[in-house]
Amino acid sequence: LPDGSTMAVGGFFNHYTALESVIFEGDISVGGSPFDSCTALKEVTFKGKADLTIGGPFASCPALQTITFEDESKIAGGAFSSCKSLETLTFAKKTEISYGPFSCFGENENTSLKELVFPDGSNLNTAAVFVDFKGLERVTFEGDIALTNGSFGGCTALKEVTFNGESKLINGVFGSCSALESV
């Protein structure tokens, strides 16, 4: 989709069974559920700034493996909830995450994502950001960060967390991360 596109509330492509890739060429604002339940969708790329703060635009895409943000991003709501096959989540520039956009619980539990790196300037301003990502092993914060209320709780394979800036941890950020060896 071209630069400056806006996709308002609606299910433009939801439940498509053949769509495998979506590339946004420039800045984009996506709301509602335009790609909800696209069962074959494997890859989403945002080349410009991305605003995914309303609804669940890519919720319940069980085959989604790779999400790439090449510029700044704001992600909230259920943007990518129940995407249980997610293996690669790349943030090239600062990102703001709020209200659990990557939630994967119960039968939609994620065991594939192994590592996360958050660029300098990123902000995870909510509780339960990546709760119960059972395969997550490493998390790196390149700059200052404040984390609250179980942001990574229940990530039972999490072994290593690296803070390359000042950090503020509030209220059980890494609760039940029983494999944690290095902070």
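Relevant structure appears above.
Residues numbered from 1 in each chain as written. Predicted model: local features only at pLDDT ≥ 70, side-chain atom pairs only at ≥ 80, totals over all residues. Heavy atoms only, no water.

K.L.:
Help me out: how do you make sense of the overall build of the chain in this one?
P.N.:
In terms of helices and strands, the chain carries zero helices and 15 strands. For the C-alpha atoms alone, the extent of the chain along its principal axes is close to 45 × 30 × 20 Å. Residue burial in the chain is summarised as follows: out of 183 residues, 47% are buried. Intrachain contacts of the chain at a sequence separation of at least 6 include 26% that bridge at least 24 residues. Accessible area for the chain stands at about 8000 Å²; split by element, carbon and sulfur atoms hold 46% of it. In the chain, which carries 12 positive and 23 negative side-chain charges, the distance between the mean positions of the two groups comes to 2 Å. (Helix = DSSP H or I, 4+ residues; strand = E, 2+ residues; numbered from the N terminus. Buried < 20%, exposed > 50% of the residue type's maximum accessible area, 1.4 Å probe, protein only. Contact = heavy atoms within 4.5 Å. Areas by Shrake-Rupley, 256 points an atom, 1.4 Å probe, with all protein chains shown as cover. Lys, Arg positive; Asp, Glu negative; His and termini not counted. Charge placed at Lys NZ, Arg CZ, Asp CG, Glu CD.)

K.L.:
So what exactly am I meant to see when it comes to a negative patch on the surface here?
P.N.:
A cluster of acidic residues, D120, E142, D144 and E166, forms a negative patch at the surface. For D144, the position within the fold is in the loop between β12 (138-141) and β13 (145-148). (Patch = residues over 30% accessible without salt bridge, like charges linked within 9 Å, V, L, I, M, F, W, Y side chains within 5 Å. Salt bridge = Lys/Arg side-chain N within 4 Å of Asp/Glu carboxyl O.)

K.L.:
Would you mind going over the packing of aromatic side chains with me for this structure?
P.N.:
Here the distance between the centres and the angle between the planes together describe a pair of aromatic rings. According to the stated counting rule, one finds 21 aromatic pairs in the structure shown. Geometrically, the ring pair formed by F13 and F35 is stacked, given 5.1 Å between the ring centres and 15 degrees between the ring planes. Highlighted residues: F13 in the loop between β1 (5-7) and β2 (21-24) and F35 in the loop between β3 (28-30) and β4 (43-46), separated in sequence by 22 residues. Relative accessible area serves as the criterion here: at 28%, F13 is assigned to the partly exposed category. Taking the relative accessible area as the measure of exposure, F35 reaches 2% and is therefore buried. For the ring pair F69 and F80, a centre distance of 6.3 Å and an interplane angle of 90 degrees mean the geometry is edge-to-face. In this pair, F69 is assigned in strand β6 (residues 66-69) and F80 in the loop between β7 (73-75) and β8 (88-91), connecting sequence segments eleven residues apart. Judged by its relative accessible area of 1%, F80 is buried. (Phe/Tyr/Trp six-rings, centres within 6.5 Å; stacked < 30°, edge-to-face > 60°.)

K.L.:
Got a minute to help me understand the nonpolar core in this structure?
P.N.:
F46, F80, F102 and F152 are the most contacted members of the largest nonpolar core, which totals 46 residues. Once you skip the residues sitting within four places of it in the chain, F152 turns out to touch L116, F118, L124, F130, L136, V139, F141, L147, V173, F174, G175 and C177. (Core = buried A, V, L, I, M, F, W, Y, C linked by side-chain atoms within 4.5 Å.)

K.L.:
What's the story with the sheet that holds β2 in this structure? I'm lost.
P.N.:
The strands that make up a sheet pair up through hydrogen bonds in the backbone, lying either parallel or antiparallel. If you walk across this open sheet you meet the four strands as β2-β4-β6-β8, and the pairing is parallel. Bordering the open sheet on either side are β2 and β8, each of which pairs with just one other strand. On average, each strand axis in the sheet is inclined to that of its neighbour by 0 degrees, with strand direction left out of account. (Pairing = 2+ DSSP bridges. Axes fitted to C-alpha atoms, helices over the stretch in contact; angles between N-to-C directions.)

K.L.:
Looking at this model, I keep getting lost on the pattern of salt bridges. Mind explaining?
P.N.:
Opposite charge on two side chains permits pairing when their charged atoms draw close. Under the criterion given, the structure shown has three salt bridges. Of the charged contacts, one joins E115 and R138 as a salt bridge, the two residues approaching to 3.7 Å between their closest N and O atoms. Of the two residues, E115 is situated in strand β10 (residues 115-118) and R138 in strand β12; the sequence distance between them amounts to 23 residues. When its relative accessible area of 29% is taken as the criterion, R138 is described as partly exposed. In this structure, D132 engages K134 in a salt bridge whose closest nitrogen and oxygen atoms are separated by 3.5 Å. Accessibility expressed as a relative area gives 27% for K134, which makes it partly exposed. When salt bridges with common partners are traced through the structure, they connect E115, E137 and R138 into a single cluster.

So yeah, pure geometry; function would need other evidence.
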